Amino acid sequence: MHDLRALRADPDAFDADLKRRGEPPVAAAIVELDRERRAAETALQECQAQRKTLSKEVGALRRSGADSSEVEARSAALRERMETLATQVADLDAKLRGTLECLPNRLAADVPDGRDESGNVVRHTWGTPRVMDFAAKEHFELGEALGLMDFETASRLSGARFVVLRGALARMERALGQFMLDLHTRENGYDETSVPVLVNDEAMYGTDKLPKFADQSFRTTDGRWLIPTAEVPLTASVGGEILSADTLPRRMVALSSCFRSEAGAAGRDTRGMLRQHQFQKVEMVSITAPEDSEAEHERMTRCAEMVLERLGVPYRRMLLCAGDTGFGAARTFDLEAWLPGQKAWREISSCSTTRDFQARRMNARYRAADGKPAFVHTLNGSGLAVGRTLIAVMENGQNEDGSITVPEVLWPYMGGTQVITAGAK
């Protein structure tokens, strides 16, 4: 998950990255743990070599009829010493691993300083927020008035943070997912992939969701996890592999249900669909050679932006600051859509490069030009979150009478429906 050679070579730089994220310095403790572990491993190897030599001496003595008891006693003492050292190595390795796996990724040099979202930087904006000559409503006001968005029934069925969509809004949710998949596969070069929504510990660990974010995911009684995003199975699908360089970049896209416990989100976005336990999302994942990942990050973000542009939804691209960049990301671009009902910009996509952070955790490599295995770089991005896109389309397309104008690109997916009215099918 972290390159120990790079850390040993420049521990101050490692701590400086952590400081930008608001984390305390740990490099000195890690270097010392690593030194102790390597010393114990060396001692164990030396004991193994000595015992091998003694074993040969015992054999020679026995064949000659000489007394081998003294040499056998030394060999037995070495065996006990080796057992002690093996336990010590295992304990130090577990302690080192436990420390490293909870440390966030190192930041890209161009990530701005900042403690929270107030330090994020607007990179560019697209579109002009529509001027409405009536009071704009929020999506849940529109949906409930149309009789097509039902939170009461969902609450009765499942509790808070669920929704039942009906008629034309249910169809629009499906249409958005299909439109996004078609755009990313037909124009953006992604391979459509259908993935499990249940994964094991290894898949969650390799994509940096465990152990840090266990409380933000749902776990089944048989020990599997409901995916928080299709990033997990898509990225983990190359875990443990050595890929051929000529198969890179590998670009995959999936539309899946996603599940999040929203731990720590009490009181935030309790009305409407912005923060749900279950939602649909189109996820893009790229596996690249290290030298290509920077260009791939820009490309992926542009693919997400294309969705909003085709839908006519104004947005802005944000470069997240150090304090707001996610645990596994080296750099993140957020796309924020304009929501007239809220009179606010709200996140609708995050596109991140993790560089080799996830690849190290899941041992995903490729055969480099020199013939040696090297870690790949992994990237992931929402292309887009379907529920939040539905919200953005509803609020930006609303009319004074409460109807919703459907973006033209969705007409073929909506059976030609151009305007959603009360009770529309």
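Residues numbered from 1 in each chain as written. Predicted model: local features only at pLDDT ≥ 70, side-chain atom pairs only at ≥ 80, totals over all residues. Heavy atoms only, no water.

As a reminder, the rule being used: UniProt positions are given in the numbering used here, feature names are shortened, and annotations may be inferred rather than shown by experiment.
The protein chain appears in an unreviewed UniProt entry as Serine--tRNA ligase from Novacetimonas cocois. UniProt lists a comment for the protein chain under the heading Pathway (unreviewed entry), and it reads "Aminoacyl-tRNA biosynthesis; selenocysteinyl-tRNA(Sec) biosynthesis; L-seryl-tRNA(Sec) from L-serine and tRNA(Sec): step 1/1."

**What about helix α6 (residues 151-158)?**
Three or four residues apart is the spacing at which side chains of an α-helix point the same way, because the helix has 3.6 residues per turn. For clarity, the threshold we go by: Think of it in three bands: residues with accessible area under 20% of the maximum for their type are buried, residues over 50% are exposed, and the middle band is partly exposed, with areas taken using a 1.4 Å probe on protein chains only. Numbered from the N terminus, helices here are DSSP runs of H or I no shorter than four residues, and strands are runs of E no shorter than two. The directions from the helix axis to the C-beta atoms form the arc being described. Working rule for contacts: check all heavy atoms of both residues, and any pair within 4.5 Å makes them a contact. Here a polar contact is recorded for every N or O atom pair within 3.5 Å, except that within protein the pair must consist of a potential hydrogen donor and a potential acceptor, and residues adjacent in sequence are included only if both atoms are side-chain atoms.
Looking only at α6, the buried set comprises Phe151, Thr153 and Ala154. For α6, the arc enclosing every buried residue in end-on projection is 160 degrees, short of the 170-degree limit, so these residues lie on one face. Exposed positions of α6 whose direction lies more than 90 degrees from the buried face are Glu152 and Arg156. Residues of α6 that are buried in the fold lie against α5 (139-146), β2 (149-150) and β3 (164-165). With a side-chain oxygen lying 3.2 Å from the backbone nitrogen of Glu152, the N-terminal cap of α6 falls on Asp150. Of the residues flanking the end of α6, it is Gly159, one or two places downstream, whose phi is positive at about 100 degrees.

**Focus on the environment of Met306**
Summarising the element assignment, Met306 is placed in helix α10 (residues 293-311). The class for Met306 is buried, based on a relative accessible area of 16%. Among residues more than four places away in sequence, those in contact with Met306 are Leu183, Glu187 and Asn188.

**Remarks on the UniProt feature "binding site: L-serine" (unreviewed entry) in the protein chain**
UniProt tags Thr229, Ala230, Glu231, Arg260, Glu283, Asn380 and Ser382 as "binding site: L-serine" (unreviewed entry). Relative to the helices and strands, Glu283 is located in strand β9 (residues 278-288). For Glu283, a relative accessible area of 2% translates into the label buried. In this structure Glu283 touches Thr229, Ala230, Glu231, Leu234, Met252, Val253, Ala254, Asn380, Gly381 and Ser382, once residues within four positions along its chain are discounted. Looking at Glu283, its side chain comes within polar contact range of the side chain of Thr229, at 3.3 Å. In this structure, Asn380 sits in strand β15 (residues 377-385). Residue classification places Asn380 among the buried positions, given a relative accessible area of 9%. With sequence-adjacent residues up to four places away left out, Asn380 is seen in contact with Glu231, Glu283, Met284, Val285, Met300, Ser350, Cys351, Ser352, Thr354 and Gln358. Only 3.4 Å separates the side chain of Asn380 from the side chain of Glu231, close enough to count as a polar contact.

**Quick notes on the packing of aromatic side chains**
Selection rule: Only rings of Phe, Tyr and Trp enter the pairing, Trp through its six-membered ring, and a pair is recorded when the two centres are within 6.5 Å. The plane angle decides the type: under 30 degrees is stacked, over 60 is edge-to-face, the rest tilted.
Here the structure, examined in full by the defined rule, presents five aromatic pairs. Geometrically, the ring pair formed by Trp126 and Tyr315 is stacked, given 5.8 Å between the ring centres and 15 degrees between the ring planes. In this pair, Trp126 is assigned in strand β1 (residues 121-126) and Tyr315 in strand β10 (residues 315-319), connecting sequence segments 189 residues apart. Overall, Tyr315 belongs to the buried group, its relative accessible area being 1%. Cluster of aromatic residues (ring-pair linked, three or more members): Phe213, Phe327 and Phe357.

**So, the nonpolar core**
Spelled out, the test is: Here the nonpolar core consists of buried residues drawn from Ala, Val, Leu, Ile, Met, Phe, Trp, Tyr and Cys, with membership extended through side-chain atoms lying within 4.5 Å.
In this structure, Met172, Leu176 and Ile420 are the most contacted members of the largest nonpolar core, which totals 50 residues. Sorting the residues of this core by element identifies α5, α7 (167-186), β9, α10, β11 (331-339), β12 (344-355), β15 and α12 (386-396) as the ones contributing at least two each. Looking at this core, the element that brings in the most residues is α7, giving nine residues. The next biggest cluster of nonpolar side chains, apart from the first, holds 25 residues, and it includes Ala40, Leu96, Leu100 and Phe357.

**Section: the UniProt feature "coiled-coil region" (unreviewed entry) in the protein chain**
The sites that carry the UniProt feature "coiled-coil region" (unreviewed entry) are, in the present numbering, residues 30-95. Secondary structure content for residues 30-95 is 94% helix and 0% strand, while the C-alpha to C-alpha distance between its ends is 10 Å.

**Side note on the pattern of salt bridges**
What counts, and what does not: The salt bridge criterion pairs a side-chain nitrogen of Lys or Arg with a carboxyl oxygen of Asp or Glu, the two atoms within 4 Å.
Counted by the stated rule, this structure contains 30 salt bridges. In this structure, Asp17 and Arg106 form a salt bridge, with 3.1 Å as the shortest nitrogen-oxygen distance. Remark: Arg106 occurs in the loop between α4 (69-100) and β1 and Asp17 occurs in helix α2 (residues 11-20); sequence separation between them is 89 residues. Its relative accessible area of 15% is what places Asp17 among the buried residues. Under the relative-accessibility criterion, Arg106 is labelled partly exposed at 25%.

**Examining the domain arrangement of the protein chain**
For clarity, the threshold we go by: Residue ranges assigned to each domain were obtained from an automatic or database domain assignment. The buried area of a pairing is the accessible area, by a 1.4 Å probe, that goes missing from both parts when the two are put together, added over both.
As far as domains go, the protein chain holds domain 1 (4-101) and domain 2 (117-420). Computed from C-alpha coordinates alone, the two centres of domain 1 and domain 2 are separated by 45 Å. Taken residue by residue, the interface counts four residues in domain 1 and nine residues in domain 2. For the domain 1 and domain 2 pair, buried surface summed over both sides reaches about 600 Å², with 38% attributable to carbon and sulfur atoms. Our count for the domain 1 to domain 2 interface comes out at zero salt bridges. Scanning the region where domain 1 abuts domain 2 turns up six residue pairs in polar contact (both at pLDDT 80 or more).

**Details of the packing of helix α3 (residues 27-64) against α4**
Our working definition: The axes are straight lines fitted to the C-alpha atoms, using for helices just the contacting stretch, and the angles between their N-to-C directions are given from 0 to 180°. Here the word oblique covers every angle except those under 35 degrees (roughly parallel), over 145 (roughly antiparallel) and from 65 to 115 (roughly perpendicular). Crossing handedness: left-handed means the near helix sits turned counterclockwise from the far one by under a right angle, and right-handed means the same turn made clockwise. Amino acids outside the nonpolar list (Ala, Val, Leu, Ile, Met, Phe, Trp, Tyr, Cys, Pro) and the charged list (Asp, Glu, Lys, Arg) are all regarded as polar, and Gly is one of them.
At a minimum axis distance of 8 Å, the contact between α3 and α4 shows a crossing angle of 160 degrees. Taken together, the axes of α3 and α4 lie roughly antiparallel to each other. Crossing of α3 against α4: the hand is left-handed. Each residue belonging to the contact of α3 with α4 can be placed in one class, and the counts come to 18 nonpolar, five polar and 13 charged.

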